[in-house]
Amino acid sequence: MEFIEYADREMLFLSLANQVAGELGQALRSAGRASFAVAGGSTPLPLYDLLSAVELDWENVALMLTDERCVPEDHPRSNLGQVRKRLVRAAASAAKVVPLYLHAAGETGRIERIAEAVSTRLPLSTVVLGMGEDLHIASLFPGSPQLAGALSPAAPPVMEMSVPGQPEGRITLSLPVLRDAMNIHLVILGHAKREAFESSKGLPPELAPVRAIAENATVHWAE
Ligand SMILES: O=C1O[C@H](COP(=O)(O)O)[C@@H](O)[C@H](O)[C@H]1O
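Residues numbered from 1 in each chain as written. Predicted model: local features only at pLDDT ≥ 70, side-chain atom pairs only at ≥ 80, totals over all residues.

1. A few points about the packing of helix α2 (residues 45–52) against helix α3 (residues 79–86)
Helix-helix packing: each pair is described by the crossing angle between the helix axes and the interaxial distance.
No. 1: Orientation of α2 relative to α3, taken along the N-to-C sense of each, is 40°, at an axis distance of 8 Å. Judged by the inter-axis angle, α2 sits oblique to α3. Judged by residue contacts, Leu45, Tyr48, Asp49 and Ser52 of α2 engage Gln82, Val83 and Arg86 from α3.
No. 2: For the contact of α2 with α3, the class distribution of residues is three nonpolar, two polar and two charged. (Axes fitted to C-alpha atoms, helices over the stretch in contact; angles between N-to-C directions. Helix = DSSP H or I, 4+ residues; strand = E, 2+ residues; numbered from the N terminus. Parallel < 35°, antiparallel > 145°, perpendicular 65-115°, else oblique. Contact = placed C-beta atoms within 7 Å. Nonpolar A, V, L, I, M, F, W, Y, C, P; charged D, E, K, R; others polar.)

Here it is, written out as structure tokens:
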């Protein structure tokens with residue numbers, strides 16, 4: 001694990017945007033395509049503003065969320081809705097979006113179709129994760145009945161999750177997909193989340209899902 005502490009949030013996001021652009025550029029040069037998974041929530045939105053302006057061969061970048069809330073894209077809680085507004089615009093508007101939630105599709109075979117679309121884009125070139133104060137990453141929440149399955153090495157790439165206390169169901173990339181990414185970034189802002197992260201050391205991933213990727217990640221922190 002590399003832990004980078006920045007002077008402020010602006011420095012963090014500028015530096016991270018630079019790193020991510022470099023990683024995607026490297027994948028595009030070596031393989032002709034790249035896969036990029038991004039967190040939902042509010043933490044990484046300034047990163048998306050910066051990346052949206054970066055000149056890359058976005059047409060060959062598959063862009064997906066690390067996890068999605070099961071609401072339509074125009075719902076304020078839709079992670080993809082936010083990512084479309086903040087990242088999939090300007091230079092990055094050519095990125096190929098791989099949705100994790102198909103609102104219009106019926107239940108039958110939906111998750112299999114999503115999993116198939118995701119599988120053709122693996123391994124991920126880069127993943128940017130956020131973390132909740134409860135130590136969840138993506139939609140791998142402590143207390144979720146499906147957590148053990150999603151942490152298992154045998155987990156399918158994409159899983160439906162229920163999360164006690166959350167208003168809607170979730171769909172998440174499973175741990176094997178996240179952990180196999182070639183570059184893993186975890187963004188943590190503020191003292192409360194840093195304390196939560198520090199206190200997770202030594203805990204099993206079932207109680208602290210962030211521990212499942214922490215050792216393989218570059219952790220970026222600013223006050
Ligand atoms: O629900 C979610 O929460 C986490 C953290 O969100 P934040 O607003 O505290 O940054 C996020 O990483 C995840 O993708 C999202 O679905």
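So that's the structure; there's more coming.
2. Quick look at the packing of helix α1 (residues 9–31) against α2
No. 1: At a closest axis distance of 9 Å, the pairing of α1 and α2 adopts a crossing angle of 55°. By the angle between their directions, the pair α1 and α2 is classed as oblique. The handedness of the crossing between α1 and α2 is right-handed. Counted together, Phe13, Leu14, Leu16, Ala17, Val20 and Ala21 of α1 and Pro46, Leu47, Leu50 and Leu51 of α2 form the full contact between these two elements.
No. 2: Taken together, the residues of the contact of α1 with α2 sort by class into ten nonpolar, no polar and no charged. (Left-handed = near helix turned anticlockwise from the far one by under 90°.)

3. Quick look at the sheet that holds strand β8 (residues 170–173)
Across a sheet, paired strands are connected by hydrogen bonds in the backbone, their directions being either parallel or antiparallel.
No. 1: Overall, antiparallel pairing links the three strands, which are arranged β4-β8-β7 in an open sheet. Only two strands of the sheet have a single partner each, and these edge strands are β4 (67–69) and β7 (158–161). Along the sheet, successive strands turn relative to each other by an average axial angle of 20°, direction set aside.
No. 2: On top of the sheet, helix α4 (residues 110–119) reaches β7 and β8; it is set at about 145° to β7, its chief contact. (Pairing = 2+ DSSP bridges.)

4. Here's the deal with the environment of Glu160
No. 1: Mapping Glu160 onto the fold places it in strand β7.
No. 2: Judged by C-beta crowding, with 16 C-beta atoms within 10 Å, Glu160 ranks as partly exposed.
No. 3: Spatially, the C-alpha atoms of Glu160 and Gln82 are 20 Å apart, while their sequence positions differ by 78 residues.
No. 4: Setting aside residues up to four positions removed in sequence, Glu160 forms contacts with Ile111, Gly169 and Ile171. (Buried ≥ 20, exposed ≤ 12 C-beta atoms within 10 Å, placed from the backbone.)

5. Looking at the pairing of strand β2 (residues 34–38)
No. 1: With five of five residues buried, β2 lies mostly within the body of the structure.
No. 2: On β2, burial covers both faces: Ala34, Phe36 and Val38 on one face and Ser35 and Ala37 on the other are all buried.
No. 3: Across five bridges, β2 lies against strand β3 (residues 61–65) in parallel orientation. Residue pairing in the sheet places Ala37 in a bridge with Met64 of β3.
No. 4: For the crossover from β2 across α2 to β3, the handedness is right-handed.
No. 5: Pairing analysis gives three bridges linking β2 to strand β6 (residues 126–129), with the strands arranged parallel. (Right-handed = clockwise from strand over helix to strand, strands pointing away.)

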